[in-house]
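Listed here are the chains, written in short residue letters.
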Amino acid sequence: MSHKPSRKFPPITECNGSAYGSIAADLDGTLLVSRSSFPYFMLVAVEAGGLLRGLALLVSLPIVIIAYLFISEAIGIQILIFISFSGLKIRDIELASRAVLPRFYAADVRKESYEVFDKCERKVVVTANPTLMVEPFVKDFLGGDKVLGTEIEVNPMTKRATGFVKRPGVLVGKWKKLAVLREFGEDAPDLGIGDRQTDHDFMSICKEGYMVLPSKSAKPLPRDRLKSRIIFHDGRLVQRPDPLNALITYIWLPFGFILSIIRVYFNLPLPERIVRYTYEMLGIHLVIRGNPPPAPSSGSPGNLYVCNHRTPLDPIVIAIALGRKVSCVTYSVSKLSRFLSPIPAIALTRDRAADAARIYELLQKGDLVVCPEGTTCRENFLLRFSALFAEMSDRIVPVAVNCKQNMFYGTTVRGVKFWDPYFFFMNPRPTYEVTFLDRLLEEMTCKAGGKSAIEVANYVQKVLGDVLGFECTGLTRKDKYMLLGGNDGKVESMYNSKK
């Protein structure tokens, strides 16, 4: 089939209509700034298949490029799909597509294309990428109504991807055109937008067609203009794994793992007042602000340090900032992790009466750290604070915690939580910031001030949010785990969801 010359289609900057009925839009290079889908296949390969699968994809990239440029676009994409998806459970691919990819897609949305796309009532995305991979982002964040993409083949017995695609194959060229014709019938889309010659086929049947030309000055859309906000996300990789970033990450991995082992076990037996200085020696930057209260005197109850939750290391870092041991309470942490913890870590049961009695007992013995969000949040938001802590003590000290990770995230929903601290310490130069606020005034507490536990919890959340510049929400641990992991966050549910 001969392609129409590109000059038939004006650039998208000339699309000046105020509203349109329908649109068929390509994804990579059109609605997204990046023309390459490799980083997103790499994310699926790593997060759903593991680091070795990601390495196999990276090593195969030269073959993919040669096939894409000199054989056909379809062959290049088929190789990406086979290496990334072959043998993976469909559920794992779905969870990675919903929990990991949206954050990276959201940072890559092209401003002028999205503004045209958003003017239309009926929005359809036509892409060579697997529908399974892009549909959650397109529908939830771009407001798309449907995705016409490549359909992957699934073994009905094992519910795993075979690595091949269903007929008619990878959706490029004439197959995009046929997909649009089937979707719209005789009522052709008002607009068709694409970025490459293989998009001309489907653009030619639209009432108007516009090209999205490659541009180094193309501006990404501010994330707050998307249809949904990125509050929760999963995955270990901080940066988008384009070929260079992926190569650097894999080169660093063995050195980072050795460094993390040294950082963990060198500091483990040392007193907290010394660890504050050895952290700097080992490349961990610790910033401490505020004036923490002194240790409780003999016979008096301890202080209750209430902090927001960024990583499982929060209570340990607070102990280091204080220069003394404190206890902490935790949910869903293995016995091995509690055994290796440098501070006493006591498991709670989710039985309110039993947990309250346990916390009260611990406060009679000394200081205690609690994270009332119940789970970590990576973005600049605070989840709803459980009010239980407010009933336990009037000696409440809010602590604002933040951290910076530039290569790996030290938290996970779908992965193995035991490795969380090691991934955090694998970052070349991780930073932790701890800010001690003034102890709550008596009139702002339950026992002395007559406030309800919910009022105290909301007040502490607001104070910490103001200091950190984070937005307070009413979202909970259950909301996070239902979105990212398909379970309610309880150990038994997490185990069952992985079966």
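Residues numbered from 1 in each chain as written. Predicted model: local features only at pLDDT ≥ 70, side-chain atom pairs only at ≥ 80, totals over all residues. Heavy atoms only, no water.

1. With respect to helix H12 (residues 243-267)
- In this model, H12 (25 residues) spans 35 Å end to end at C-alpha, consistent with the 36 Å of a helix rising 1.5 Å per residue.
- Taken together, the buried positions of H12 are occupied by Ala246, Thr249, Tyr250, Leu253, Gly256, Ser260, Arg263, Val264 and Asn267.
- Those residues of H12 hidden inside the fold are in contact with helix H2 (38-49), helix H3 (51-59), helix H13 (272-281) and helix H18 (420-425). (Helix = DSSP H or I, 4+ residues; strand = E, 2+ residues; numbered from the N terminus. Expected span 1.5 Å × (residues − 1). Buried < 20%, exposed > 50% of the residue type's maximum accessible area, 1.4 Å probe, protein only. Contact = heavy atoms within 4.5 Å.)

2. Structural notes on helix H19 (residues 453-468)
- For H19, built from 16 residues, the straight-helix expectation of 22 Å at 1.5 Å per residue is met to within 8% by its first-to-last C-alpha distance of 23 Å.
- Contact partners of the buried residues in H19: strand S9 (304-307), strand S13 (381-382), helix H17 (388-392), strand S14 (396-404) and strand S16 (471-472).
- Gly469, located one to two residues past H19, shows a positive phi value of around 75 degrees.

3. A look at the pattern of salt bridges
- A full pass over the atoms with the stated rule returns 27 salt bridges.
- A salt bridge links Glu115 to Arg225; the nearest nitrogen and oxygen atoms lie 3.2 Å apart. Here Glu115 is found in helix H8 (residues 111-118), whereas its partner Arg225 is found in the loop between strand S7 (208-211) and H12, with 110 residues between them in sequence.
- Taking relative accessible area as the criterion, Glu115 reaches 28% and is therefore assigned partly exposed.
- The exposure class assigned to Arg225 is partly exposed, which follows from its relative accessible area of 37%.
- Of the charged contacts, one joins Glu183 and Lys146 as a salt bridge, the two residues approaching to 3.0 Å between their closest N and O atoms. In this pair, Glu183 sits in helix H10 (residues 174-184) while Lys146 sits in strand S3 (residues 146-150), placing the two residues 37 residues apart along the sequence. (Salt bridge = Lys/Arg side-chain N within 4 Å of Asp/Glu carboxyl O.)

4. What about the sheet that holds strand S11 (residues 345-347)?
- Taken in spatial order, the seven strands of this open sheet run S8-S15-S14-S9-S12-S10-S11, and their pairing is mixed. The sheet is open, and its two edges are formed by strand S8 (285-290) and S11, each paired on a single side. Within this sheet the neighbouring strands show an average axis-to-axis angle of 25 degrees, counted without direction.
- Two elements, S9 and S14, share four bridges in a ladder whose sense is parallel. The residue of S14 that forms the bridge with Cys307 is Val399. (Pairing = 2+ DSSP bridges. Axes fitted to C-alpha atoms, helices over the stretch in contact; angles between N-to-C directions.)

5. Here's the deal with the packing of aromatic side chains
- Enumeration according to the criterion identifies 15 aromatic pairs in this entry.
- Ring centres 5.2 Å apart and planes at 80 degrees place the aromatic pair Phe418 and Trp419 in the edge-to-face group.
- Given the relative accessible area of 22%, Phe418 is considered partly exposed.
- Members of the aromatic cluster, joined through ring pairs, are Phe257, Tyr265, Phe418, Trp419 and Tyr422.
- We note Arg103 situated over the ring of Phe104; from NZ or CZ to the ring centre the distance is 4.1 Å. (Phe/Tyr/Trp six-rings, centres within 6.5 Å; stacked < 30°, edge-to-face > 60°. Lys NZ or Arg CZ within 6 Å of the ring centre and 35° of its normal.)

6. Considerations on empty space enclosed by the protein
- Enumeration over the complete set of coordinates arrives at two cavities of 30 Å³ or more.
- What lines the largest cavity is simply Ile231, Phe232, His233, Asp234, Thr376, Cys377, Arg378, Thr411, Thr412, Val413, Lys480 and Leu484.
- One number sums up the size of the second largest cavity: a volume of about 50 Å³.
- Every residue lining the second largest cavity is listed: Met42, Val46, Leu51, Leu237, Pro241, Ala246, Thr249, Tyr250 and Leu253. (1 Å grid on protein atoms, 1.4 Å probe; cavity = no way out; pocket = protein on both sides within 12 Å on 5 of 7 lines; lining within 4 Å. Points joined across faces, edges and corners; volume = space filled by probe spheres on them.)

7. Thoughts on the pairing of strand S5 (residues 160-165)
- Strand direction decides the pairing type here: strand S4 (residues 152-155) and S5, joined by three bridges, are antiparallel. Pairing of Ile152 across the sheet is with Val165, part of S5.

8. As for the nonpolar core
- In terms of nonpolar packing, the biggest core is built from 78 residues, with Phe85, Met133 and Leu142 touching the most fellow members.
- With nine residues, the single largest contributor to this core is H2.
- Those residues within four positions of Phe85 in sequence are excluded, and the remaining contacts are Phe41, Val44, Arg53, Ile93, Pro130, Met133, Ile152 and Ala161. (Core = buried A, V, L, I, M, F, W, Y, C linked by side-chain atoms within 4.5 Å.)

9. Some thoughts on the packing of H2 against H3
- Direction vectors running N to C along H2 and H3 enclose 150 degrees, while the axes themselves pass 6 Å from each other. Judged on the interaxial angle alone, H3 and H2 are roughly antiparallel. Note on element contacts: H3 touches H2 through Leu51, Arg53, Gly54, Leu57 and Leu58, opposite Phe38, Phe41, Met42, Ala45, Val46 and Gly49. (Parallel < 35°, antiparallel > 145°, perpendicular 65-115°, else oblique.)

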